[in-house]
Amino acid sequence: MSAPRPDAPLRSVSATTGVRLWVFRALALVAVPALLVVGLEIGLRVAGYGRPTGFLIPDREPGMFRTNPDYVRLFMPESFDLRPLNFRVAREKPANTLRVVVLGESAAQGVPAPMFGFAPQLRAQLRALYPGRRIEVLNAGVVAINSHAVYQIARGFAAFSPDLFVVYLGNNEVVGPYGPGCAYLSSSPPLWVIRASVAVKSTRTGQLLGALFAKVATRSKAVEWGGMSMFVNQAVAGDDPRLETVYRNFEQNLRDIVRVANDAGAPVLLTTVVANLKDCPPLLSLHRADLAGDELARWQREFDAGRVAWKLGDTASGRAHLEAARQIDAHHAETLFLLGSLELQAGRESEARKFFVEALHWDALRFRPDPRVNDIVRAVAAEGGKVRLVDTARLLGADPESTAPIAGRELLFEHVHFDWEGNSRVARAMAEGAVALLPTPENKVFLDANAAAAALGYTARERFNVLQRLAPIVQSPPFPNQVTYPEDMARLGRELAMAQVASRSPAALQTAKRVIVAAVASDPESADLAKLEQEIADDLGDLPGALAASQRVQKLQPYSYALAADEAIKLARLGRYDEAEKLLRATAARCTPREQVALAPAFGDLFARTKRPEDYRRHLDALLALVPNDANARLFRARELRGRDNAGAERELRAILERDPGQQAAQEELVALLLETGKREAAEQATLATVDHQSRNQANNLRAALFAEARGDAEAQVRFLRAAERSGPVNSGLELRLARRLFDLKRPLEGLEHLADARRLAVIEGDAETIASIDELLKQLRGA
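A brief report on the enclosed structure follows. Fair warning: this is a prediction, and the values are worked out from it, not measured in the lab.

What the protein chain contains, in helices and strands, is 33 helices and 8 strands. Relative to the globule expectation of 28 Å for 784 residues, the C-alpha radius of gyration of the protein chain, 30 Å, shows essentially globular dimensions. In terms of overall dimensions, the protein chain has a C-alpha envelope of 115 × 80 × 60 Å along the principal axes. Sequence-distant contacts in the protein chain: of pairs separated by 6 or more residues, those separated by 24 or more amount to 69%. With the model as given, the accessible surface of the protein chain reaches about 35000 Å², and the carbon-plus-sulfur share is 56%. In the protein chain, 99 positive and 96 negative side-chain charges are present, and the distance between their average locations comes to 5 Å.

Right under this line is the structure:
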């Protein structure tokens, strides 16, 4: 062995020192930018830049937290302005309190009427089961979110000593944030990318960078939230490979929600989600990818003949043609749905269920959960931990393996949102599952349907209000794509008319008052009951009572500009103008520009009552200086001008439509103004100019059809009548007119389909004379 060199120790020291210097420099390269970012973040917070992004943020009430109106901006554009329900919760849970957190999307929130959803019904059941306890059921359901957002919400609630999490989740995994059917975010990135993105957006630095990028990236107009209609071009077929990423992300998010809850000491009630199988036809049907040419033409002939036969009630012919179409293309969702309905009519429920489930699977607008989603819920529930499954999908007939009657309109309004009966049954199942995870109840008796309705103040008056909230949802795309849309709208219109009569009678109002007084006495902490008390007092002309209830609502809920505006209107109606104006001006000073626009009608009401039109004009001037391109603000200006300066009003309305031809309110105001001032030709031109931009404006479509008829343009009349048919409720008379025009144009199969629609509507209308005349015409057509 050779002797060591004399400089070996020195070389070793030098090498070690070099490594240390390299490490130090590498750390410096990382640490310096990190310190700069931390410094920037601290500086932005000190300067008040940005906003908190947690689901719960400190309230003005000491020790209390409230839902964050800005929470959804973590996942969606600010212009959507979607918000959680408005409630507060104490950081330190009061003694003797059971705190239950409900997580989910719009079905969990209770759309269309959250105060009657399954969350408040669950609270009513738990109050009956635990009469000696204070019950909190905190409804954290939010419209349009999915498990990526719900996971973050669960993390926020973990610090608030929950006793139970109830998770009703899975409807929006494809169409919600980061899903392949999402209209506003990149689709299906890896889960770690999604969570990293949310973490960055949660910082003030991330918000600053996002704001700078938005200014550089685009100058286009902010997109307003358009509900489900925003997603009509976001097709995702049942065999789309991106769905596998959706399912993996959902499973991991659900597993992490359970972990977060269990780490906080709270058990979890996982529930499968319910879809309307029987009475919700597919929203978008696609063909298999290789269907083309003669084969596609043959499919079209069979399908068209089968659909017309189905509408006419000719089951044998309908089944033969539709089965032939299915043999050509087994992926077409509407074919499968129509076959399922024929099987159900024949009493073969098991076969019908298979067809309905297949139709749901191939529906390319994925607003209903595929059975795979519920399989994941069951699998996560079976993994152990403090978790229990409530299989509502099987219980309510929405699962392939269910033995219950197939889920339909008896339980759900449309695709996934529950009617009173559906919410009631889900709440009862959840309550039964909850008592297995909570302390032993003092009472063993669950509320029946009548007792639950009394506890929530649900009467005939409220039934009408719920249907009113539902109507705009189901009259908008994508629902007009459904094969049963005309009869669904006719059925809803008839139900609305009957509910309105039942709700507005003096006896109904007195019943509503009696029920709400008893409910409030039993549950004085409920803001929802206080709101109902206010509305009923309004209906009865009890202004002092309405004002008192309005003020009580504001004590029970966190600050809201809408609540303050409501109180100001009531003060003005009572002649307390100074108080009303003081409240409105104080509220406006705290509002965002969007909220200030929403306050304008309250200011208009005050200035009209105090005969101060010039003050209202100055208010609108200031508002338009703040938001010069806001359509609603300009619409208020146009309405203020009508009568005293019709030319100015017309200019304002035309300016709105030039900027946004889809602005329906401006269109109706403009046409009404033109007709009032004798400008019929201009009204016709205005109608036709926007008809292609306002497919949902039924009044405009019907006007266009009348103008076309007056000109003798049958082709245009058919086009506009069809648009009217797909933009709201129509009657059998319109369908008959459409059928006759199509027969005149030598388009018999189309005419026959609308004749069938006319008969189906006449049945709903109870019009025996029209049914008989259509039957006679059909007999003649068959003979020919």
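Now that the structure has been shown, we can carry on.
Here the focus is the nonpolar core. Ranked by size, the top nonpolar core spans 123 residues in total, and within it Leu-103, Leu-126, Phe-157 and Leu-270 carry the most contacts. Of the residues forming this core, the biggest block, 9 residues, is contributed by helix H7 (residues 243–263). Those residues in contact with Phe-157 that lie beyond four places of it in its chain are Phe-55, Leu-56, Phe-87, Val-101, Leu-138, Ala-140, Pro-162 and Phe-165. Counting residues in hydrophobic clusters, the runner-up holds 24 residues, among them Ala-325, Ala-333, Leu-339 and Leu-342.

Moving on, we get to the environment of Ala-638. As for its placement among the helices and strands, Ala-638 is situated in helix H25 (residues 631–641). Judged by relative accessible area, which is 2%, Ala-638 ranks as buried. Here the alpha-carbon distance between Ala-638 and Gly-648, two residues 10 residues apart in the chain, equals 7.3 Å.

Read from one edge of the open sheet, 5 strands run E5-E4-E6-E7-E8, paired in parallel fashion. Because the sheet does not close on itself, it has two edges, and the strands there are strand E5 (134–139) and strand E8 (387–390). Averaged over neighbouring strand pairs, the angle between their axes works out to 20° when direction is ignored. Along the sheet face, H7 touches strand E4 (97–104), strand E6 (164–168), strand E7 (268–271) and E8 and points at about 160° away from the line of E7.

All right, on to the packing of aromatic side chains then. Counted under the stated rule, the structure contains 20 aromatic pairs. Centre to centre, the rings of Trp-225 and Phe-231 are 6.2 Å apart; their planes meet at 70°, and the pair counts as edge-to-face. Overall, the relative accessible area of 24% leaves Trp-225 in the partly exposed class. Note that Arg-590 overlies the ring of Tyr-559, its terminal NZ or CZ placed 3.8 Å from the centroid.

The next thing to look at is the environment of Val-466. Looking at the element boundaries, Val-466 is found in helix H16 (residues 460–474). Val-466 sits in the buried class, given a relative accessible area of 5%. Note: C-alpha distance between Val-466 and Asp-539 (73 residues apart in sequence) is 16 Å. Contacts of Val-466, omitting those with residues within four sequence positions, involve Pro-112, Ala-113, Phe-116, Phe-413 and Tyr-458.

Read from one edge to the other, the open sheet built from 3 strands follows the order E1-E2-E3, with strand pairing classed as antiparallel. Either end of the sheet is taken by a strand with one partner, and the two such strands are strand E1 (56–58) and strand E3 (88–90). When the angles between neighbouring strand axes are averaged without regard to direction, this sheet yields 40°. Pairing of strand E2 (residues 64–67) with E3, which is carried by 3 bridges, proceeds in the antiparallel orientation. Considered in E3, the bridge of Phe-65 is made with Val-89.

Turning our attention to the packing of helix H8 (residues 293–312) against helix H9 (residues 315–328). Contact geometry of H8 with H9 gives a least axis separation of 7 Å together with a crossing angle of 150°. Regarding the angle of H8 to H9, the classification is roughly antiparallel. Judged by the twist between their axes, the crossing of H8 over H9 is left-handed. Counted together, Glu-295, Arg-298, Trp-299, Glu-302, Phe-303, Ala-305, Gly-306, Arg-307, Ala-309 and Trp-310 of H8 and Ser-317, Gly-318, His-321, Leu-322, Ala-324, Ala-325 and Ile-328 of H9 form the full contact between these two elements. Looking at the contact of H8 with H9, its residues break down into 9 nonpolar, 4 polar and 4 charged.

What follows concerns the side chain of Gln-717. By secondary structure assignment, the location of Gln-717 is in helix H30 (residues 714–725). At 2.9 Å, the side chain of Gln-717 and the side chain of Arg-741 are in polar contact. Apart from residues no more than four positions distant in its own chain, Gln-717 is found in contact with Ala-705, Ala-708, Glu-709, Arg-737 and Arg-741.

To continue, consider H9. One turn of an α-helix holds 3.6 residues; hence residues three or four places apart share an orientation. Over its 14 residues, H9 extends 20 Å from the first C-alpha to the last, a length consistent with the 20 Å expected when each residue adds 1.5 Å. The complete set of buried residues in H9 reads Gly-318, Leu-322, Ala-325 and Ile-328. The arc enclosing the buried residues of H9, seen along the axis, measures out at 105°, which places them on a common side. Of the exposed residues in H9, the ones pointing more than 90 degrees away from its buried face are Ala-316 and Gln-327. In the core, the buried residues of H9 are packed alongside H8 and helix H10 (333–345).

Now for the environment of Ala-429. Relative to the helices and strands, Ala-429 resides in helix H14 (residues 420–435). Its relative accessible area of 10% is what places Ala-429 among the buried residues. Along the backbone, Ala-429 and Asp-775 are 346 residues apart, and their C-alpha atoms lie at a distance of 46 Å. Other than its neighbours up to four places away in sequence, Ala-429 contacts Val-390 and Leu-395.

A complete count under the given rule lists 80 salt bridges for this structure. Where Arg-255 meets Glu-383, a salt bridge forms, and the shortest distance between an N and an O atom there is 2.8 Å. Of the two residues, Arg-255 is situated in helix H7 and Glu-383 in the loop between helix H12 (371–381) and E8; the sequence distance between them amounts to 128 residues. Overall, the relative accessible area of 25% leaves Arg-255 in the partly exposed class. We classify Glu-383 as partly exposed; its relative accessible area is 44%.

Calculation notes
Residues numbered from 1 in each chain as written. Predicted model: local features only at pLDDT ≥ 70, side-chain atom pairs only at ≥ 80, totals over all residues. Heavy atoms only, no water. Helix = DSSP H or I, 4+ residues; strand = E, 2+ residues; numbered from the N terminus. Rg over C-alpha atoms; globule rule 2.2 N^0.38 Å. Contact = heavy atoms within 4.5 Å. Areas by Shrake-Rupley, 256 points an atom, 1.4 Å probe, with all protein chains shown as cover. Lys, Arg positive; Asp, Glu negative; His and termini not counted. Charge placed at Lys NZ, Arg CZ, Asp CG, Glu CD. Core = buried A, V, L, I, M, F, W, Y, C linked by side-chain atoms within 4.5 Å. Buried < 20%, exposed > 50% of the residue type's maximum accessible area, 1.4 Å probe, protein only. Pairing = 2+ DSSP bridges. Axes fitted to C-alpha atoms, helices over the stretch in contact; angles between N-to-C directions. Phe/Tyr/Trp six-rings, centres within 6.5 Å; stacked < 30°, edge-to-face > 60°. Lys NZ or Arg CZ within 6 Å of the ring centre and 35° of its normal. Parallel < 35°, antiparallel > 145°, perpendicular 65-115°, else oblique. Left-handed = near helix turned anticlockwise from the far one by under 90°. Nonpolar A, V, L, I, M, F, W, Y, C, P; charged D, E, K, R; others polar. Polar contact = N/O pair within 3.5 Å; in protein donor to acceptor, adjacent residues only side chain to side chain. Expected span 1.5 Å × (residues − 1). Arc of directions from axis to C-beta. Salt bridge = Lys/Arg side-chain N within 4 Å of Asp/Glu carboxyl O.

Keep in mind these values describe shape, not function.
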